[in-house]
Amino acid sequence: MFENVIIGQYLPGRSFLHHMDPRAKIAAVLFLIIVIFLVNSWNGYALFGAAAIAVYFLSGVPFRYIRKGMFPVFILVILTFFLHAFFTREGDILFSVGVFSFYEEGIRQGLFISLRLLLLVYFTSLLTLTTSPIDLTDALEQMFSPLERFKFPAYDVAMMMSIAIRFIPTLLQETEKIIKAQTARGADFNKGSMRDRMQAFVSLLVPLFVRAFRRAEDLAYAMEARGYNGGEGRTKLRLLVWGWRDTLCCVLIAAFGVVLLFLRQ
Amino acid sequence: MAIIELRDLEYQYEESDEKVLKGLNKKIHQGEWLSIIGANGSGKSTLSRLFNGLSQPTGGSVLVLGKKTTEEDSLQMIRREVGMVFQNPEHQFVAPTVRDDIAFGMENAGVPREVMLERIDEVSRWVNIEHILHMEPHRLSGGQKQRAAIAGILALRPQVMVFDESTSMLDPNGRKEILETMNRLCRESGLTIISITHYLEEAFMSDRIWFMKAGRIEKDVTTANIPDQLEWMEAEGMPLPYKYQLYREAKKRRIDIRTLRTMVEGE
Amino acid sequence: MDVNFQNVSHVYMKKTPFETLALKNINACFRSSSVTAVIGRTGSGKSTLVQHINGLLKPSAGVVTVGGHRLEARTKRKMVKTVRSHVGMVFQYPEHQLFEETVEKDLLFGPKNKGMDVAEIQKKLPELLQQVGLSETLLERSPFELSGGQMRRVAIAGVLATNPEILILDEPTAGLDPQGQKEILELFMNWQRAYQPTTIMITHQMEEAAAFAEYMYVMEDAEIKMQGEPEAIYAQREKLQEMDLDIPEQVQVLQQIERDSGIRFPHYKLSPAEAADYWEHAVQNGDVPYV
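Each chain has its residues counted from 1, following the order in which its sequence is written. Going through the entries in the order they are written, you letter the chains from A and number the ligands from 1. Two thresholds apply to this predicted model, a pLDDT of at least 70 for residue-level local features and 80 or more for giving and counting side-chain atom pairs, whereas whole-chain, interface and lining totals are computed over all residues. Note that water and hydrogens are dropped before the side-chain values are worked out from all heavy atoms of the structure.

Novice: Give me a positive patch on the surface: which residues, what numbers.
Specialist: On the surface, a cluster of positive charge is made up of Lys-191 of chain A together with Lys-58, Arg-74, Lys-76, Arg-77 and Lys-78 of chain C. Secondary structure elements are defined from DSSP: runs of H or I of at least 4 residues count as helices, runs of E of at least 2 residues count as strands, and each element is numbered from the N terminus. Structurally, the position occupied by Lys-58 of chain C is in the loop between helix H1 (46-50) and strand S4 (61-66). Summary of the burial criterion: residues with accessible area below 20% of their type's maximum are buried, those above 50% are exposed, and those between are partly exposed, where the area comes from a 1.4 Å probe applied to protein chains only. Accessibility expressed as a relative area gives 33% for Lys-58 of chain C, which makes it partly exposed. Surface patches are defined over residues having more than 30% relative accessible area and no salt bridge, joining like charges when they lie within 9 Å and nonpolar side chains (Val, Leu, Ile, Met, Phe, Trp, Tyr) when within 5 Å. In these tables, accessible area is a Shrake-Rupley quantity obtained with a 1.4 Å probe, and a residue counts as shielded only by the protein chains included in the view. When a carboxyl oxygen of Asp or Glu is within 4 Å of a side-chain nitrogen of Lys or Arg, the pair counts as a salt bridge. Counted as positive: Lys and Arg. Counted as negative: Asp and Glu. His and the chain ends are not counted at all. Where a charge lies is defined by one atom per residue type, namely NZ (Lys), CZ (Arg), CG (Asp) and CD (Glu).

Novice: Which residues make up the interface of chain B and chain A, and what are the values?
Specialist: Any two residues having at least one pair of non-hydrogen atoms within 4.5 Å are treated as being in contact. Opposite the 35 residues of chain B that make contact, chain A presents 29 residues. Buried area counts how much accessible surface, traced with a 1.4 Å probe, disappears from two parts once they are put together, with both parts' losses summed. Between chain B and chain A, a total of about 3,000 Å² is buried, with carbon and sulfur atoms accounting for 53% of that surface. One can count five salt bridges joining chain B with chain A. Arg-234 of chain A is the salt-bridge partner of Glu-107 of chain B, the closest N and O atoms lying 3.0 Å from each other. Contributing elements (two or more residues each) for the side of chain B that touches chain A: helix H2 (72-81), helix H3 (98-108) and helix H4 (113-126) of chain B. Here the side of chain B that touches chain A takes nine residues from H3 of chain B, the largest share from any one element. Three residue categories are used. Nonpolar comprises Ala, Val, Leu, Ile, Met, Phe, Trp, Tyr, Cys and Pro, charged comprises Asp, Glu, Lys and Arg, and polar comprises the others, including Gly. In the side of chain B that touches chain A, the residues fall into 16 nonpolar, eleven polar and eight charged.

Novice: Give me the lowdown on the UniProt feature "transmembrane region" (unreviewed entry) in chain A, citing residues and values where you can.
Specialist: All names here are of chain A. UniProt positions are given in the numbering used here, feature names are shortened, and annotations may be inferred rather than shown by experiment. As annotated in UniProt, the feature "transmembrane region" (unreviewed entry) corresponds to residues 24-39, 45-63, 70-87, 107-129 and 242-263 in the numbering used here. The annotated region residues 45-63 carries 84% helix and 0% strand content, and the separation between its end C-alpha atoms amounts to 21 Å. This span, residues 70-87, is 100% helix and 0% strand, and a straight line between its end C-alpha atoms measures 26 Å.

Novice: Give a detailed account of the pattern of salt bridges, specifying residues and quantitative values.
Specialist: Residue and element names in this part refer to chain B. Under the definition given, this model contains 52 salt bridges over all chains. A salt bridge links Asp-121 to Arg-125; the shortest N-O distance between them is 2.9 Å. Of this pair, Asp-121 and Arg-125 both sit in helix H4, separated by four residues, roughly a single helical turn. Overall, the relative accessible area of 48% leaves Arg-125 in the partly exposed class. Glu-202 is paired through a salt bridge with Arg-175; the nearest N and O atoms lie 3.9 Å apart. Remark: Arg-175 occurs in helix H6 (residues 172-187) and Glu-202 occurs in helix H7 (residues 200-203); sequence separation between them is 27 residues. Of the residues examined, Arg-175 reaches a relative accessible area of 19% and is grouped as buried.

Novice: Report on the nonpolar core, specifying residues and quantitative values.
Specialist: Considering soluble globular proteins, one finds that nonpolar side chains tend to be buried as a cluster. Remark: nonpolar core denotes a set of buried residues (Ala, Val, Leu, Ile, Met, Phe, Trp, Tyr, Cys) joined through side-chain atoms within 4.5 Å. Of all hydrophobic cores here, the largest spans 84 residues; its most connected members are Phe-211 and Leu-246 of chain B together with Phe-188 and Ile-257 of chain C. For this core, the element with the most residues is helix H5 (residues 148-160) of chain C, which contributes seven residues. An automatic or database domain assignment is the source of the domain bounds shown. Split by domain, this core shows at least three residues from each of two domains, domain 1 (1-86 + 197-238) and domain 2 (248-291) of chain C. If near-sequence neighbours (up to four positions away) are discounted, Phe-211 of chain B is found in contact with Ile-37, Leu-200, Arg-216, Ile-217, Glu-218, Lys-219, Val-221, Trp-232, Met-233 and Met-238 of chain B. With 35 residues, the next largest nonpolar core counts Leu-237 of chain A together with Val-127, Met-135 and Leu-156 of chain B among its residues.

Novice: An account of the domain arrangement of chain A is needed here, citing residue identities and associated values.
Specialist: Often, the extent of an interface is quoted as the loss of accessible area upon association of its parts. Domain boundaries in chain A define domain 1 (1-131 + 241-265) and domain 2 (153-234). Its C-alpha centre places domain 1 of chain A at a distance of 35 Å from the equivalent point of domain 2 of chain A.

Novice: Could you give an account of the packing of helix H2 (residues 22-36) of chain A against helix H9 (residues 244-262) of chain A, with specific residues and numbers?
Specialist: Residues and elements named next belong to chain A. The interhelical angle for the contact between H2 and H9, taken along N-to-C directions, is 5°, at an axis separation of 10 Å. Between H2 and H9, the crossing angle belongs to the class labelled roughly parallel. Contact residues: H2 offers Ala-24, Ala-28, Phe-31, Leu-32 and Val-35, while H9 offers Asp-246, Cys-249, Ile-253, Ala-254, Phe-256, Gly-257 and Leu-260. The residue makeup of the contact of H2 with H9, split by class, is ten nonpolar, one polar and one charged. The convention used is that axes are lines fitted to C-alpha atoms, helices contributing only their stretch in contact, and that angles between N-to-C directions extend from 0 to 180 degrees. With respect to orientation, any angle under 35 degrees is reported as roughly parallel, any angle over 145 as roughly antiparallel, any angle of 65 to 115 as roughly perpendicular, and every other angle as oblique.

Novice: Summarise the UniProt feature "domain: ABC transporter" (unreviewed entry) in chain B; cite the residues concerned and give the values.
Specialist: As annotated in UniProt, the feature "domain: ABC transporter" (unreviewed entry) corresponds to residues 4-239 of chain B in the numbering used here. Secondary structure across residues 4-239 of chain B comprises 36% helix and 25% strand; the distance between its end C-alpha atoms is 30 Å.

Novice: A description of the interface of chain B and chain C should follow, citing residues and the corresponding values.
Specialist: Counting residues at the interface gives 26 residues for chain B and 30 residues for chain C. Counting each side, the surface lost to burial between chain B and chain C is near 2,400 Å², with a carbon and sulfur contribution of 60%. When residues of chain B are sorted by the area they lose upon contact with chain C, Tyr-242, Arg-253 and Thr-259 of chain B head the list and together hold 25% of the total. Applying the counting rule to chain B against chain C returns three salt bridges. Note that Asp-277 of chain C is salt-bridged to Arg-253 of chain B, the shortest N-O span being 2.6 Å. Polar contacts, as counted here, are pairs of nitrogen or oxygen atoms within 3.5 Å of one another; within protein the pair requires one atom able to donate a hydrogen and one able to accept it, and residues that are adjacent in sequence qualify only if both atoms are side-chain atoms. One can count seven residue pairs in polar contact (both at pLDDT 80 or more) joining chain B with chain C.

Novice: Any details on the environment of Phe-16 of chain A? Residues and values, ideally.
Specialist: All names here are of chain A. Tracing the backbone shows Phe-16 in helix H1 (residues 16-19). As for Phe-16 and Val-202, which are separated by 186 residues in sequence, their C-alpha atoms are 46 Å apart. Setting aside its immediate chain neighbours within four residues, Phe-16 contacts Leu-58, Trp-244, Arg-245 and Leu-248.

Novice: Tell me about the sheet that holds strand S2 (residues 21-29) of chain B, and please be specific about residues and values.
Specialist: Residues and elements named next belong to chain B. What the four strands build is an open sheet, ordered S2-S1-S4-S5; its pairing is antiparallel. A strand with exactly one partner marks an edge of an open sheet, and here the two such strands are S2 and strand S5 (67-68). The criterion for strand pairing is that DSSP finds at least two bridges linking the strands in question. Sheet topology places strand S4 (residues 59-64) next to S5; two bridges connect them, and they run antiparallel. Its bridge partner lying in S5, Leu-63 is registered against Lys-68.

Novice: Please provide a residue-by-residue account of the packing of aromatic side chains, values included.
Specialist: Aromatic rings from Phe, Tyr and Trp, with only the six-membered ring used for Trp, were paired whenever their centres fell within 6.5 Å, and each pair was classed as stacked if the ring planes differed by under 30 degrees, edge-to-face if by over 60, and tilted otherwise. One pass over the full model with this rule turns up 23 aromatic pairs over all chains. For the ring pair Phe-16 of chain A and Trp-244 of chain A, a centre distance of 6.0 Å and an interplane angle of 70° mean the geometry is edge-to-face. Placement of the pair is Phe-16 of chain A in helix H1 and Trp-244 of chain A in helix H9, with a sequence separation of 228 residues. In this structure Phe-16 of chain A comes out as partly exposed when scored by relative accessible area, which is 23%. Where Phe-265 of chain C meets Tyr-278 of chain C, the ring centres are 5.8 Å apart and the plane angle is 45°; that geometry is what we call tilted.

Pasting the structure below:
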């Protein structure tokens, strides 16, 4: 069931995007999210689309993984499209169905919003597909570390996140084991009344929690024994390396933003 | 010189009204391999946590290199000098990969990155895990995880390593790997080894054994003197390995099986 | 109940990059009321093998026959449940799966799920607790207040409560001290004598297999590499060593004495006293070439 867990949706690889500094990737995605709300012309979306295709080839991620990641938001996209199509009443009437009339502006707005959503999800998916959760954590820790001055515990939060990520496979394996053991004793997790299912769920959750507390205690001892004492005076093995790719990416993205501004109507 | 010294050491859990450790006075010498053996509840695991100040005594004291574990200033030094390998391999693997896990202790100690890289290289080769440095814990065997833990401690250049039932959750191969590593740590690298175990076979590999019972060290014997202790051990209900049982039966009958004699008494 | 494996293969994570063959064309037979040990290193496929007997896993190819029931790739869930009601399985570290508020409730969890006469079984619980070496006063206690050893016994009792016709034990003594290991093994031996289930025990400890099982399968790399009675298996020392498996210490010692002295022991199950007696007589009769 959970023999080979992929944490988050990270796909190991050696592409251009994989080799980039996670900080550059996060910054780029944040920038794209902002500028996409400035785009209001067909030319602008065409350019954005072209960029999306270019980045796709830089990522080396098979298309089916992207499709899988984006599928759930499709429903949301279609819904927003129709909301706009129904309720925006500007411009010429294109056509009418019964009491509903569809206006040019409505269709246009609907398409724009849908494209925005799709591109947004697309770029963030590529970020998580090409960056390991641990790299993401490291990058976020560094990007938030200036906030430590304002008592924001960036370091501790990052440590918690990395431990959480580390123990996800453990938790999955344990879940599988307990499901199997309870199944062998005749429990059924897929059938029965609501009440039966709730009980089956409890039979799973209780041992999971009991084990998790035990594990937390052991882990605390193990960390203390190895001199863990919070973030102060700590050095780091993991190093984020800013390379030519990252500078290049930032320059390109900035240029991209400028061009998009010119394409605004 | 005694590397660790127990002075009138007592320990009592808050919720309990009986002491788990009742006034221990002992010295552990540099470079020796000491086994601590005893039934569940004999106090051996409690004792293991006192060696590097993970718990503090409720009476008496533990001295590591002459410093009390209760002294706040010495605690970091003591934790570095006395490394601990715990029972559950899964629960002491902190970091996302083997490399990061080895580095964890050094990161805490503020070791510069270049030195870390060198030492990771060195210790991972020493415990034979250099080929799995990139791997995540869920792809490792129990023995590999335990060796990663040992490497992480070795990287801090300790003088003592405490193994708290570190082989009990491993399969026979994993157990062999760890015992071999312990042997090399002591015989090649001169580390002082303290191993808490409930396997007699493992204890017999060491230099000295403390038999613990109800909070006291009932006997303190060197392994060379084991043949004299067999009778007592059997009376205490310890399941002796077959060769020792047969050796005792042979002695009772005044017969001499040479193979057995060399096995038990040594060459 | 007999259990039969015919050309059974199992593939994990089919059609993904992680596809692995966990069982390769297995043919095996576990006779009704017999005790069989399945031995092998971690990852050799032994756990995968036994999980086919109660349908936790289905064969990718081949058939598993349990009593009169056939389990195949396409077998329906209802059928699997029928088979499952005859099989009890003690997992590794079974105490990790306890969850009920009281010991009694936990013991009745299996019987309830399997639609058995709960009232009847409830009456027998004190006896059951005694059989696993616990006091009946524990029935009303929370399993989480108990010691590790007691928790394991409760978990084992929870499986035995349904009095299964087939009993699968997946390293039931893992992590216990030697005394505890011995006691748990004796518990199962007594149960076997009293109720005669078909018992299949996974272990990587040869000592346990030697003490308990009458037949043995040795697995490596998803295949059965050796099978036979324990004595016959131990005779092939080199083959076992190739697979990184050790023969029991007792057998090692006796074989070493045989090699050094030229004596031949009748079998390797001799107790220390019997072995010493045997040696004494052999020396008196001049049957030991080099003393």
